[in-house]
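# Coordinates in review
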Amino acid sequence: MNTVNGTSKKIVAIQGDITQQAVDAIVNAANKSLLGGSGVDGAIHRAAGPELLAQCRLLNGCETGDAKITKGYNLLAKWVIHTVGLIWRDGNHGEKKLLASCYVRSLEIAAEKGLKTIAFPAISTGVYGFPVELATPIAIRTVKEFLQKNSSIQQVIFVCFNDQLFEIYRQLLPQILSESN
Ligand code: AR6
């Protein structure tokens with residue numbers, strides 16, 4: 001498996017399918033309805049089974065930049081944290097702040113539940129059109145800063161679904177993790 005480690009293995013990037021990750025929680029790049037969709041959202045619902053949708057129906061949706069948690073049902077992951085990114089327009093409509101908020105809220109919920117290992121997809125970079133070159137540094141810096149303040153989470157895994165995405169994480173992860181703040 002392709003893996004790139006940060007200095008402490010606390011933050012790593014792998015190439016793979018998030019539905020196959022044996023972690024405490026996987027994060028879903030959902031939409032405000034939380035009722036499923038295409039991309040990673042569709043893959044997670046298919047792998048988790050219909051009980052996931054039944055629980056999502058009880059959540060009354062989710063605001064952009066926020067997150068909500070459900071069980072993982074048939075997934076290897078015990079929990080799914082559903083977060084909602086913003087559809088990319090031109091970068092001047094709060095996209096960056098809301099993307100960072102997706103990562104922070106997901107990690108806050110994981111920490112509140114005492115979860116130790118969390119896997120993220122590249123939120124908003126598919127259907128929602130956020131350029132990966134801009135989204136990746138935001139994802140890495142936001143997770144890095146969160147883990148500097150919170151010691152309960154042991155590992156965050158960025159799961160890259162394709163070669164191009166993994167290559168960007170392979171380049172940026174060591175670079176950003178070695179920067180002093
Ligand atoms: N494992 C890991 N990453 C994946 C997987 C997978 N199985 N499948 C896709 N990706 P997207 P968004 C990557 O479009 O841009 C849905 O309809 C994909 O390559 O899934 O936040 C929701 O319901 C990309 O890098 O999410 C919303 O309506 C990343 O996951 C909307 O799409 C995110 O792509 C959300 O759009």
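Residues numbered from 1 in each chain as written. Predicted model: local features only at pLDDT ≥ 70, side-chain atom pairs only at ≥ 80, totals over all residues. Heavy atoms only, no water.

Time to look at the overall build of the protein chain. Secondary structure assignment for the protein chain yields 5 helices and 7 strands. Mapped in sequence order, the helices and strands of the protein chain form the string β-β-β-α-α-β-β-α-β-α-β-α. Rg of the C-alpha trace for the protein chain: 15 Å, near the compact-globule value of 16 Å for 181 residues, within the 12% margin. With the principal axes as the frame, the protein chain shows a C-alpha extent of 45 × 35 × 30 Å. Buried positions account for 51% of the 181 residues belonging to the protein chain. Restricting the contact set of the protein chain to residue pairs at least 6 apart, pairs at least 24 apart contribute 67%. Accessible surface, the protein chain: about 8,600 Å² in total, of which carbon and sulfur atoms supply 50%. (Helix = DSSP H or I, 4+ residues; strand = E, 2+ residues; numbered from the N terminus. Rg over C-alpha atoms; globule rule 2.2 N^0.38 Å. Buried < 20%, exposed > 50% of the residue type's maximum accessible area, 1.4 Å probe, protein only. Contact = heavy atoms within 4.5 Å. Areas by Shrake-Rupley, 256 points an atom, 1.4 Å probe, with all protein chains shown as cover.)

Take the layout of surface pockets next. Volume-wise, the largest pocket comes out at about 600 Å³. Around the largest pocket, the lining is made up of 27 residues, and of these Ala29, Gly39, Val40, Ala122 and Gly126 lie nearest the centre. Secondary-structure elements contributing two or more residues to the lining of the largest pocket are strand S3 (25-30), helix H1 (39-48) and helix H5 (163-178). Here the lining of the largest pocket takes 4 residues from H1, the largest share from any one element. Each residue belonging to the lining of the largest pocket can be placed in one class, and the counts come to 14 nonpolar, 11 polar and 2 charged. (1 Å grid on protein atoms, 1.4 Å probe; cavity = no way out; pocket = protein on both sides within 12 Å on 5 of 7 lines; lining within 4 Å. Points joined across faces, edges and corners; volume = space filled by probe spheres on them. Nonpolar A, V, L, I, M, F, W, Y, C, P; charged D, E, K, R; others polar.)

Below, the discussion takes up the site of the ligand. Around the ligand, the surrounding shell holds 20 residues, and the nearest of these are Asn31, Ser38, Val40, Asp41 and Val127. A distance of 2.8 Å is found between a nitrogen atom of the ligand and a side-chain nitrogen or oxygen belonging to aspartate 17. Interatomic distance of 2.8 Å between a backbone N/O atom of valine 40 and an oxygen atom of the ligand. Alone, the ligand offers 700 Å² of accessible surface; in the complex the protein occludes 91% of this. (Near = heavy atom within 4 Å. Polar contact = N/O pair within 3.5 Å; in protein donor to acceptor, adjacent residues only side chain to side chain.)

Right, let's get into the nonpolar core. It is characteristic of soluble globular proteins that their nonpolar side chains tend to be buried jointly. By size, the foremost hydrophobic cluster in this structure holds 44 residues, and its most contacted members are Tyr103, Ile118, Phe120, Val143, Ile153, Phe158 and Tyr169. When neighbours within four sequence positions are excluded, tyrosine 169 is seen to be in contact with Val4, Ala13, Tyr103, Thr136, Ala139, Ile140, Phe158, Cys160 and Pro174. In terms of nonpolar packing, the next biggest core, distinct from the first, is built from 20 residues, Val12, Ile14, Val23 and Ala119 among them. (Core = buried A, V, L, I, M, F, W, Y, C linked by side-chain atoms within 4.5 Å.)

Here we come to the state of the cysteines. A full pass over the atoms with the stated rule returns 0 disulfides. Of all cysteine sulfurs in the structure, the one in cysteine 62 sits closest to cysteine 56, which takes part in no disulfide; the separation is 10 Å. Cysteine cysteine 160 shares no disulfide, and the gap to the nearest cysteine sulfur, in cysteine 102, comes to 17 Å. (Disulfide = S-S within 2.5 Å.)

Moving on: the pattern of salt bridges. Should the charged atoms of two oppositely charged side chains come close, the side chains can pair. Counted by the stated rule, this structure contains 4 salt bridges. Of the charged contacts, one joins arginine 105 and glutamate 108 as a salt bridge, the two residues approaching to 2.5 Å between their closest N and O atoms. Separated by 3 residues within a single helix, arginine 105 and glutamate 108 lie in helix H3 (residues 95-112), roughly one turn from each other. Given a relative accessible area of 30%, glutamate 108 falls into the partly exposed group. Glutamate 167 is paired through a salt bridge with arginine 170; the nearest N and O atoms lie 2.8 Å apart. Here glutamate 167 pairs with arginine 170, and both are found in helix H5, just 3 residues apart, close to one helical turn. Looking at glutamate 167, the relative accessible area reads 31%, which means it is partly exposed. One salt-bridge network, in which partners are shared between bridges, spans Asp66, Arg105 and Glu108. (Salt bridge = Lys/Arg side-chain N within 4 Å of Asp/Glu carboxyl O.)

We now examine the packing of H1 against helix H2 (residues 50-57). The geometry of H1 relative to H2 is characterised by a closest axis approach of 5 Å and an angle of 115 degrees between their N-to-C directions. Relative to H2, the element H1 is oriented roughly perpendicular. Between H1 and H2, the contacting residues are Ile44, His45 and Ala48 on the first element and Leu52, Leu53 and Cys56 on the second. When its residues are assigned to classes, the contact of H1 with H2 shows 5 nonpolar, 1 polar and no charged. (Axes fitted to C-alpha atoms, helices over the stretch in contact; angles between N-to-C directions. Parallel < 35°, antiparallel > 145°, perpendicular 65-115°, else oblique.)

We note that leucine 34 has phi near 60 degrees; this positive angle belongs to a residue other than glycine. Of note, leucine 34 is situated in the loop between S3 and H1. Non-glycine residue serine 124 carries a positive phi angle of around 70 degrees. Tracing the backbone through its elements, the reader meets serine 124 in the loop between strand S6 (117-120) and helix H4 (132-149).

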